[in-house]
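Now for the letters of each chain:
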Amino acid sequence: MTNYLLKNINIVNENSIAAADVLIKNGRIERIGASIQPAFTVTEINGEGKYLLPGVIDDQVHFREPGLTHKATIYSESKAAVAGGVTSFMEMPNTIPNALTLDLLEDKYTIAAKTALANYSFFMGTANNNADEALKVNRHTDKICGIKIFMGSSTGNMLVDNYLTLDKLFRESEVLIATHCEDEKIIRSNYERIKKEKNILTASDHPLIRDEEACFESSLTAIQFAQKYNSRLHILHISTAKELQLFSNLKPLKEKRITCEVCVHHLHFTASDYERLGYLIKCNPAIKASSNRDALWKALADDRIDVIATDHAPHTLSEKGYSRNDDGMLILKEDIQYENAHAGLPLVQHPLLLMLYYYKQGKISLETIVRKMSHAVADCYRIANRGYIREGYWADLVVADLDRPVTVKHEDLLYKCGWSPLEAFAFPAGITHTFVNGNLLYENYGKAVWNESDKGMRLLFER
């Protein structure tokens, strides 16, 4: 394979920024230092004025394959991910069929081995009646990222609300348990009450139905189970200020048994955006009032929140209740109803650019972006040889030009669903190179160039 030398590039890694050369050989980082003179043939890349970041590891995506490939495929969404600087992903089990057995889970790994452009892992799914099967993951702790529990409504048979099942999973799991925390009884009660009051619901009712209390009560339940058994718990997509009192920054990340994450859309949008974007930003848990966003940013800064992810969840425009007119504008269908508009946003092409926007806004440092999107994910899941820019590690790397503006245009989107809630948004920075396992997969100086000769690898875990 081609070897590379990145010359005099600003390396953002392990809470520092320093200019150096980076030598990539046989897919790994061979050397980091000043004025490297390799003894073998390399392709040299001038990094002057640019920044080198470890590739983003997104621990929460829905790539929809198998069974829902009209929305997305592992190939299409991993390609979008790579263009966005995401070099590894962990995908959720609510495909069709739901990944509720080891055989069904391995079917997804087989697809990814043939088509995924980024590195990959897949969560084992849970249901009220599959605890014994789900816990077979304990035999494969080095090869499977974790167990996913939907403690709120989900696709198919994946709502786990039986306390005996939850008790068994938390008691016996030897791998990380990732949870979607929303209390189903509270959600249903809110829905029935608001539906009776208003009759016709709109997108702006979504955060009232899936409110702060539903999130808090479910997160509290998950934490109580985890504390009872000292389980390794990671709560996904925290969206409320109230939940943050459940998390601590008193221990370093590697010593925590209970961790959490925030998703980029909860850091960016607020309930005021429903007026402009409607069902395009309908997602679970809901985007809520701005006071929650402010609290999330504060908790991210003080390390109560450990990870930034996307919860990339594509649906077709029709499923969201929209169409695109001849001018490319997204138009809400007149007959769409709240209940029929699917929940989820496609986001995996732009999470790093969105955080670089907030870096330019003074909300977050480059070092913190790298820590929350790469280092912390690797540490949470104990991913082997990834997530850092270190000699001997796989060369999953992203080159960013912080002075190269990029505007989101629908014709540039790589998602199979073909739309984004960020359309027309102007980012102040751009991604010029993405390496996956040392392969320069994506290069963009105004026009994207792809080298898809090598596929991503299965993530391995040091447990």
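Being a predicted model, the structure only gives us computed values, none of them experimental.

Calculation notes
- Residues numbered from 1 in each chain as written.
- Predicted model: local features only at pLDDT ≥ 70, side-chain atom pairs only at ≥ 80, totals over all residues.
- Heavy atoms only, no water.
- Helix = DSSP H or I, 4+ residues; strand = E, 2+ residues; numbered from the N terminus.
- Rg over C-alpha atoms; globule rule 2.2 N^0.38 Å.
- Buried < 20%, exposed > 50% of the residue type's maximum accessible area, 1.4 Å probe, protein only.
- Contact = heavy atoms within 4.5 Å.
- Areas by Shrake-Rupley, 256 points an atom, 1.4 Å probe, with all protein chains shown as cover.
- Lys, Arg positive; Asp, Glu negative; His and termini not counted.
- Charge placed at Lys NZ, Arg CZ, Asp CG, Glu CD.
- Pairing = 2+ DSSP bridges.
- Core = buried A, V, L, I, M, F, W, Y, C linked by side-chain atoms within 4.5 Å.
- Phe/Tyr/Trp six-rings, centres within 6.5 Å; stacked < 30°, edge-to-face > 60°.

## Description of the overall build of the protein
Okay, step 1: Within the protein, the regular secondary structure consists of 13 helices and 22 strands.
Okay, step 2: Computed over the C-alpha atoms, the radius of gyration of the protein is 21 Å, within 12% of the 23 Å expected from 2.2 N^0.38 for a compact globule of 463 residues.
Okay, step 3: Put simply, the protein has 463 residues, and 61% of those count as buried.
Okay, step 4: Restricting to contacts in the protein with at least 6 residues of sequence separation, those with at least 24 account for 75%.
Okay, step 5: As displayed, the protein offers around 17,800 Å² of accessible surface, 46% of which is attributable to carbon and sulfur atoms.
Okay, step 6: Across the protein, 53 positive and 59 negative side-chain charges occur, with their mean positions spaced 2 Å apart.

## Regarding the pairing of strand E5 (residues 51-54)
Okay, step 1: Side chains of E5 alternate between two faces, with Tyr-51 and Leu-53 and Leu-52 and Pro-54 buried alike.
Okay, step 2: For strand E1 (residues 4-13) and E5, the ladder comprises two bridges, and the chain directions are parallel. Looking at the pairing, Ile-11 lines up with Leu-52 of E5.
Okay, step 3: One ladder, built from four bridges, connects E5 with strand E17 (residues 397-401); its direction is antiparallel. Note that in E17 the partner of Pro-54 across the bridge is Leu-397.

## Topic: the nonpolar core
Okay, step 1: The biggest cluster of nonpolar side chains holds 111 residues, and the ones touching the most others in it are Phe-89, Ile-149, Phe-170, Ile-235, Leu-352, Met-355 and Leu-356.
Okay, step 2: If you tally residues by element for this core, the top one is helix H12 (residues 351-360), at seven residues.
Okay, step 3: Residues within four places of Ile-149 in sequence aside, it is in contact with Thr-126, Val-160, Leu-166, Leu-169, Phe-170, Ile-177, Ala-178, Thr-179 and His-180.
Okay, step 4: The next biggest cluster of nonpolar side chains, apart from the first, holds 19 residues, and it includes Met-90, Met-92, Tyr-381 and Phe-461.

## Quick word on the packing of aromatic side chains
Okay, step 1: Under the criterion given, the structure shown has 15 aromatic pairs.
Okay, step 2: Between the aromatic rings of Tyr-163 and Phe-225, the centroid separation amounts to 5.6 Å while the plane-to-plane angle is 65 degrees, which identifies the pairing as edge-to-face. On the criterion of sequence distance, the pair formed by Tyr-163 in helix H4 (residues 163-172) and Phe-225 in helix H7 (residues 212-229) is long-range, its members being 62 residues apart.
Okay, step 3: For the ring pair Tyr-357 and Phe-425, a centre distance of 5.0 Å and an interplane angle of 75 degrees mean the geometry is edge-to-face. Of the two residues, Tyr-357 is situated in helix H12 and Phe-425 in the loop between strand E18 (406-407) and strand E19 (426-427); the sequence distance between them amounts to 68 residues.

## Some details on unusual backbone geometry
Among all residues except glycine, the phi angle is most often negative; among peptide bonds, the trans geometry is most common.
Okay, step 1: Between Ile-96 and the following residue, Pro-97, the backbone shows a cis peptide bond with an omega angle of 0 degrees.
Okay, step 2: Looking at the secondary structure, you find Pro-97 in the loop between strand E7 (86-91) and helix H2 (102-115).
Okay, step 3: Each neighbour pair has its own omega, and for Asn-284 with Pro-285 the value is -5 degrees, a cis peptide bond.
Okay, step 4: Looking at the element boundaries, Pro-285 is found in the loop between helix H9 (274-277) and helix H10 (290-301).
Okay, step 5: In this structure, Ser-35 is a non-glycine residue whose phi angle is positive, near 50 degrees.
Okay, step 6: By the element assignment, Ser-35 lies in the loop between strand E3 (28-33) and strand E4 (43-46).
Okay, step 7: Given the relative accessible area of 55%, Ser-35 is considered exposed.

That's the geometry; what it means functionally is another story.
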